[in-house]
Amino acid sequence: RHLPLASLTRAVRTRFEAREYPKTLVRLYSWTPDECVPELYEDEHFFESRHREFADMAVPDWCLGKDENVQQARRRFIEKHRRALEGRRASS
C-alpha cells in the first residue's frame, strides 16, 4: 500500500493483482505475520493506501466504537498495541 507499484511488481509479484493483497489486518496476520512492520503500530496513516487499486487496510471490528470514525478506530488499534508492546509481559 505504500511502496511504489514498480517496487511491488519487482519484489512481490511481476503481474500486479490488487485482490492478492490482504484487505484487513486479520487477513494480513493470517497470511504473513512477519510482514507486520513497526509503522503499523505507530502511524495511523499507514492504514491508508497510496494506490487507487488498493482499498485502505481495514482494522479489526473490536477497534470500532459505537460512534467512531475510521481514524478513531485506527488510533484505538495503535494505542492498544503500543500499550501491550510497552507492557511488562512484552518488555521482560
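Before going into details, it helps to say that this report is about the structure given with it. Along each chain, residues carry numbers from 1 onward, in the same order as the chain's sequence is written. The model is predicted, so local features are restricted to residues of pLDDT at least 70 and side-chain atom pairs to those at 80 or more, both for listing and for counting; the totals for chains, interfaces and linings are taken over all residues. For the side-chain quantities, the full set of heavy atoms in the structure was used; hydrogens and water were omitted.

Our next topic: helix H3 (residues 70–86). Its 17 residues place the ends of H3 24 Å apart at the C-alpha level, agreeing with the 24 Å of an ideal helix rising 1.5 Å per residue. A simple rule labels every residue: compare its accessible area, found with a 1.4 Å probe on the protein chains alone, to the largest value its type can have, and call it buried under 20%, exposed over 50%, or partly exposed in between. In DSSP terms, a helix is any run of H or I states spanning at least four residues, a strand is any run of E spanning at least two, and both are numbered starting from the N terminus. When H3 is considered as a whole, its buried residues turn out to be Ala73, Arg74, Phe77 and Ile78. Axial view of H3: buried residues confined to an arc of 135 degrees, hence all on one face. For H3, the exposed residues set more than 90 degrees away from the buried face come down to Arg83 and Glu86. Contacts: residue pairs with any heavy atoms within 4.5 Å of one another. Where H3 is buried, its residues meet helix H2 (25–31). Identification of polar contacts relies on pairs of N or O atoms within 3.5 Å, with a donor-acceptor requirement for protein atoms, meaning one able to donate a hydrogen and the other able to accept it, and with residues adjacent in sequence counted only if both atoms are side-chain atoms. Measuring from the side-chain oxygen of the N-cap residue of H3 to the backbone nitrogen of Gln71 gives 3.0 Å; that N-cap residue is Asn69. Under the convention used throughout, the expected extent of a helix is 1.5 Å for every residue step, that is, one less than its residue count. This arc is taken over the directions from the axis of the helix to the C-beta atoms.

This part is about the packing of aromatic side chains. Given two aromatic rings, their pairing is described by the distance between the two centres and the angle made by the two planes. Here a Phe, Tyr or Trp ring, Trp counted by its six-membered ring, pairs with any other such ring whose centre lies within 6.5 Å, and the pair is stacked when the planes are under 30 degrees apart, edge-to-face when over 60, and tilted otherwise. The full count for this structure, using the stated rule, is 3 aromatic pairs. Aromatic ring contacts, followed pair by pair, group Tyr41, Phe47, Trp62 and Phe77 into a single cluster. Counted as over-ring charges are cases with an Arg CZ or a Lys NZ within 6 Å of the ring centre that also lie within 35 degrees of the ring normal. Across the ring face of Trp62, the terminal group of Lys80 is positioned such that the distance to the ring centre comes to 5.1 Å.

Attention shifts here to the side chain of Glu44. Mapped onto the fold, Glu44 is located in the loop between H2 and H3. Among the polar contacts made by the side chain of Glu44, one reaches the side chain of Arg75 at a distance of 3.0 Å. The contact partners of Glu44, leaving out residues within four places of it in the chain, are Gln71, Arg74, Arg75 and Ile78.

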